[in-house]
Every structure is written in structure tokens, then in C-alpha cells.
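# Residue-level structural notes
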Amino acid sequence: MSPAVAKKDKVKKTPLKFTIDVSGPANDGILDTAAFEKFLHDRIKVAGRTNNLGDIITITRSGNSSITVTAAAGTPFSKRYLKYLTKKFLKKHQLRDWLRVIASSKGAYELKYFNIAADNDEEEADE
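All values reported here derive from a predicted model rather than from experimental measurement. Along each chain, residues carry numbers from 1 onward, in the same order as the chain's sequence is written. The predicted origin of the model limits local features to residues at a pLDDT of at least 70 and limits the giving and counting of side-chain atom pairs to 80 or more, whereas totals for whole chains, interfaces and linings rest on all residues. Heavy atoms from the whole structure form the basis of all side-chain values; hydrogens and water molecules are not counted.

Moving on to the side chain of T33. Take T33: it is sitting in helix 2 (residues 33-43). Nitrogen and oxygen atoms within 3.5 Å of one another constitute a polar contact, given that in protein one can donate a hydrogen and the other can accept it, and given that sequence-neighbouring residues count only through two side-chain atoms. Separated by 3.0 Å, the side chains of T33 and N64 make a polar contact. In contact with T33, other than residues within four places in its own chain, are V22, A26, R61, G63, N64 and I67. Helical segments are the DSSP runs of H or I of at least four residues, strand segments are the runs of E of at least two, and each set is numbered from the N terminus. Here, residues are in contact when the closest pair of their heavy atoms is within 4.5 Å.

Below is the structure:
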């Protein structure tokens, strides 16, 4: 008796594509998209090392509206890591108190302002 040999289906992996929408803060002049793109380029780690992007990960900026990070197929790269780096950038530039990172879709994040006006309304109602 010969053991059954399992055939593996050849599944072509698609590259991972994540988008960060920074249009709100960038249009208001609070966030510099070029600095954010450079921060991501300097801080993203591949195989445990920074400045090791090569052709594996590409970072592109489309005007002042969004930044797209594309990882090659088979490269371990998570959306959560991108959120972590975005929060780190906001903290470094002292914007973390006014902006938050929200998932707008499966492959996208969006930077939004905290709703401070609603907090003020609640405080006035309590008084």
C-alpha cells in the first residue's frame, strides 16, 4: 500500500494593500503627509530590520489625501502594525490628543478628529 499523496492546489497570493486616509488633517494643515510617508519608510521593519524595504514593501503617497502601503505576496505584514506606526507618528508630533485612527474598511484606515463638541454638550447638560 502506498500512502496517499496530497496534492496542494497552487493558490496565487495577492499582494497586501493597505491605505491610510489622511485627507481631513492634511487639508487643515495639521498633518504633513510627506513627513508621515518618510516616517513609515524609516520605521517599517522587514525581517526584523528597519531600512530593509527593498522591493518587498512599497509606500506611495497620492497628493495630500492618502498613503498606500503595498506588501508583496507572501510577506508577513499586518494592518495592525500599520495602525501602531500611525499612532506612534501622531504621538511624536503631539497630535494623538486630537486625532484617532479608525478602520474605514477591511484594508483601510482613516484619521479622524475626536468629537470634542459632543463632550462639551454632555458637560453643560450635567451642570
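Having seen it, we continue.
Here is a general trend for soluble globular proteins: nonpolar side chains tend to be buried in one another's company. To qualify as a nonpolar core, a set must consist of buried Ala, Val, Leu, Ile, Met, Phe, Trp, Tyr and Cys residues joined through side-chain atoms within 4.5 Å. Type-normalised accessible area, obtained with a 1.4 Å probe on protein chains alone, sets the label of each residue: buried when under 20%, exposed when over 50%, and partly exposed for intermediate values. Ranked by size, the top nonpolar core spans 25 residues in total, and within it L40, I44, I57, V69, F77 and L90 carry the most contacts. Secondary-structure elements contributing two or more residues to this core are strand 1 (16-21), helix 2, strand 4 (57-62), strand 5 (66-71), helix 3 (79-92), strand 6 (99-105) and strand 7 (108-113). Counting residues per element, this core draws most heavily on helix 3, at four residues. Setting aside chain neighbours within four positions, we find I44 in contact with R49, T50, N51, L53, I57, I59, V69, F77, Y81 and L85.

The next point concerns the environment of T14. Topologically, T14 is positioned in the segment before strand 1. For T14, a relative accessible area of 61% puts it in the exposed group. It is 8.2 Å that separates the C-alpha atoms of T14 and G74, two residues lying 60 residues apart in sequence.

Turning next to helix 3. Relative to the 20 Å expected for 14 residues at 1.5 Å per residue, helix 3 spans 20 Å between its end C-alpha atoms, a close match to the ideal helical length. Listed as buried for helix 3 are K79, L82, K83, L85, T86, F89 and L90. Each buried residue of helix 3 sits inside an arc of 165° when the element is viewed along its axis, so together they form one side. Exposed residues lying more than 90 degrees from the buried face of helix 3 are R80, K91 and K92. Against strand 1, helix 2, strand 5, strand 6 and strand 7 lie the buried residues of helix 3. Of the residues trailing helix 3, Q94 is marked for its positive phi of about 55°. A helix's residues, less one, multiplied by 1.5 Å, set its expected span. Throughout, the arc means that of the directions going from the helix axis to the C-beta atoms.

Our next topic: the confidence of the model for the chain. In low-pLDDT segments, the atomic positions of the prediction should not be examined closely. Confidence along the chain averages 86 in pLDDT terms, with 83% of residues attaining 70 or more. Confidence of the prediction at every residue is given by pLDDT, a number between 0 and 100. Across the chain, the element-wise mean pLDDT spans from 65 in helix 4 (residues 116-126) up to 95 in helix 3.

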